[in-house]
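# Analysis of the macromolecular model
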Amino acid sequence: MGETEQNRQTRHTVALEDRTHLRICGVLDVDNYDEHTVCARTSRGILTVEGEGLHVRHLALESGELVLEGTVSALLYTDDAKAQTGGFFARLLR
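Residues numbered from 1 in each chain as written. Predicted model: local features only at pLDDT ≥ 70, side-chain atom pairs only at ≥ 80, totals over all residues. Heavy atoms only, no water.

Strand order in this open sheet of 6 strands is β1-β2-β6-β5-β4-β3, and the pairing throughout is antiparallel. Whereas interior strands pair on both sides, the edge strands pair on one side only; in this sheet they are β1 (13-17) and β3 (27-33). Recorded for the sheet is a direction-independent mean angle of 35° between the axes of neighbouring strands. Taken together, the 5 bridges between β1 and strand β2 (residues 21-25) define a ladder with antiparallel strand orientation. What sits directly across from Val14, in β2, is Ile24. (Pairing = 2+ DSSP bridges. Helix = DSSP H or I, 4+ residues; strand = E, 2+ residues; numbered from the N terminus. Axes fitted to C-alpha atoms, helices over the stretch in contact; angles between N-to-C directions.)

Next comes the structure, spelled out in C-alpha coordinates:
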(Lines give C-alpha, C1' and ligand atoms only; values in the text may rest on other atoms or scores of the structure.)
Protein backbone atom coordinates (compact mmCIF):
# COMPACT_ATOMS: atom_id res chain seq x y z
CA MET A 1 0.00 0.00 0.00
CA GLY A 2 1.43 3.38 -0.99
CA GLU A 3 1.93 6.19 1.48
CA THR A 4 -0.79 8.33 -0.11
CA GLU A 5 -3.35 5.51 0.05
CA GLN A 6 -2.41 4.73 3.66
CA ASN A 7 -2.79 8.41 4.66
CA ARG A 8 -6.21 8.56 3.00
CA GLN A 9 -7.39 5.51 4.96
CA THR A 10 -6.11 6.77 8.34
CA ARG A 11 -6.95 10.48 7.92
CA HIS A 12 -9.81 11.49 10.18
CA THR A 13 -11.71 14.77 10.11
CA VAL A 14 -14.92 16.00 11.71
CA ALA A 15 -16.76 19.11 10.49
CA LEU A 16 -19.86 20.35 12.30
CA GLU A 17 -21.91 23.22 10.87
CA ASP A 18 -24.47 24.98 13.07
CA ARG A 19 -24.86 21.77 15.14
CA THR A 20 -27.16 20.43 12.38
CA HIS A 21 -24.85 19.12 9.63
CA LEU A 22 -21.98 16.75 10.53
CA ARG A 23 -19.44 15.43 8.02
CA ILE A 24 -16.99 12.75 9.19
CA CYS A 25 -14.08 11.36 7.14
CA GLY A 26 -12.05 8.30 8.12
CA VAL A 27 -15.11 6.14 8.89
CA LEU A 28 -14.43 2.41 8.71
CA ASP A 29 -17.89 1.15 9.70
CA VAL A 30 -21.13 2.23 11.38
CA ASP A 31 -21.92 -0.08 14.28
CA ASN A 32 -25.46 1.15 14.99
CA TYR A 33 -27.66 4.19 14.67
CA ASP A 34 -31.07 5.59 15.49
CA GLU A 35 -32.42 9.12 15.63
CA HIS A 36 -30.71 9.77 18.99
CA THR A 37 -27.32 8.02 18.66
CA VAL A 38 -24.88 7.08 15.89
CA CYS A 39 -21.83 4.89 16.69
CA ALA A 40 -19.16 4.90 14.00
CA ARG A 41 -15.84 3.06 13.99
CA THR A 42 -13.21 5.51 12.71
CA SER A 43 -9.49 5.35 12.08
CA ARG A 44 -9.04 7.11 15.46
CA GLY A 45 -11.44 5.07 17.61
CA ILE A 46 -15.18 4.73 18.16
CA LEU A 47 -17.05 8.00 17.66
CA THR A 48 -20.48 8.26 19.28
CA VAL A 49 -22.69 11.11 18.11
CA GLU A 50 -25.65 12.00 20.32
CA GLY A 51 -28.51 14.28 19.44
CA GLU A 52 -32.11 14.58 18.27
CA GLY A 53 -33.56 13.70 14.89
CA LEU A 54 -30.27 12.29 13.56
CA HIS A 55 -30.43 10.97 10.00
CA VAL A 56 -27.72 9.38 7.88
CA ARG A 57 -27.72 11.47 4.69
CA HIS A 58 -24.67 9.86 3.07
CA LEU A 59 -22.51 6.84 3.88
CA ALA A 60 -19.64 5.71 1.63
CA LEU A 61 -17.38 3.24 3.41
CA GLU A 62 -15.17 2.95 0.32
CA SER A 63 -14.11 6.58 0.76
CA GLY A 64 -14.69 6.62 4.55
CA GLU A 65 -17.31 9.38 4.47
CA LEU A 66 -20.37 9.77 6.69
CA VAL A 67 -22.77 12.74 6.61
CA LEU A 68 -25.38 13.20 9.34
CA GLU A 69 -28.16 15.75 9.72
CA GLY A 70 -30.12 16.58 12.86
CA THR A 71 -29.39 18.40 16.10
CA VAL A 72 -26.00 17.28 17.47
CA SER A 73 -25.63 17.57 21.25
CA ALA A 74 -22.45 15.53 21.90
CA LEU A 75 -19.46 13.89 20.23
CA LEU A 76 -17.66 11.22 22.28
CA TYR A 77 -14.56 9.21 21.37
CA THR A 78 -13.80 5.80 22.85
CA ASP A 79 -10.62 3.84 22.14
CA ASP A 80 -11.20 0.54 20.31
CA ALA A 81 -9.58 -1.42 23.15
CA LYS A 82 -12.00 0.04 25.73
CA ALA A 83 -14.99 -0.64 23.48
CA GLN A 84 -13.97 -4.29 22.99
CA THR A 85 -13.36 -5.05 26.69
CA GLY A 86 -16.56 -3.35 27.79
CA GLY A 87 -17.25 -1.40 30.92
CA PHE A 88 -17.44 -2.34 34.57
CA PHE A 89 -20.56 -4.50 34.25
CA ALA A 90 -19.26 -6.36 31.20
CA ARG A 91 -16.13 -7.34 33.15
CA LEU A 92 -18.21 -8.21 36.21
CA LEU A 93 -20.46 -10.59 34.26
CA ARG A 94 -17.61 -12.57 32.63
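Here we come to the pairing of strand β6 (residues 65-78). Across 5 bridges, the pairing between β2 and β6 is antiparallel. The residue bridging Cys25 from the neighbouring strand is Glu65, located in β6. Where strand β5 (residues 45-60) meets β6, 12 bridges bridge the pair, whose relative direction is antiparallel. Of the residues in β6, the one forming a bridge with Gly51 is Val72.

Time to look at the nonpolar core. Counting residues in each nonpolar core, the largest one holds 12 residues, listed as Leu22, Ile24, Val27, Val30, Val38, Ala40, Leu47, Val49, Leu54, Leu66, Leu68 and Val72. When contributions to this core are tallied by element, the ones reaching two or more residues are β2, β3, β4 (37-42), β5 and β6. Ignoring anything within four residues of it in the chain, the contact list for Leu22 reads Val14, Ala15, Leu16, Val49, Leu66, Val67, Leu68, Val72 and Leu75. (Core = buried A, V, L, I, M, F, W, Y, C linked by side-chain atoms within 4.5 Å. Buried < 20%, exposed > 50% of the residue type's maximum accessible area, 1.4 Å probe, protein only. Contact = heavy atoms within 4.5 Å.)

Right, let's talk about a nonpolar patch on the surface for a bit. A cluster of nonpolar side chains, contributed by Val14, Leu16, Leu75 and Tyr77, occupies part of the molecular surface with about 320 Å² of accessible area. Here Tyr77 shows up in strand β6. Taking the relative accessible area as the measure of exposure, Tyr77 reaches 41% and is therefore partly exposed. (Patch = residues over 30% accessible without salt bridge, like charges linked within 9 Å, V, L, I, M, F, W, Y side chains within 5 Å. Areas by Shrake-Rupley, 256 points an atom, 1.4 Å probe, with all protein chains shown as cover. Salt bridge = Lys/Arg side-chain N within 4 Å of Asp/Glu carboxyl O.)

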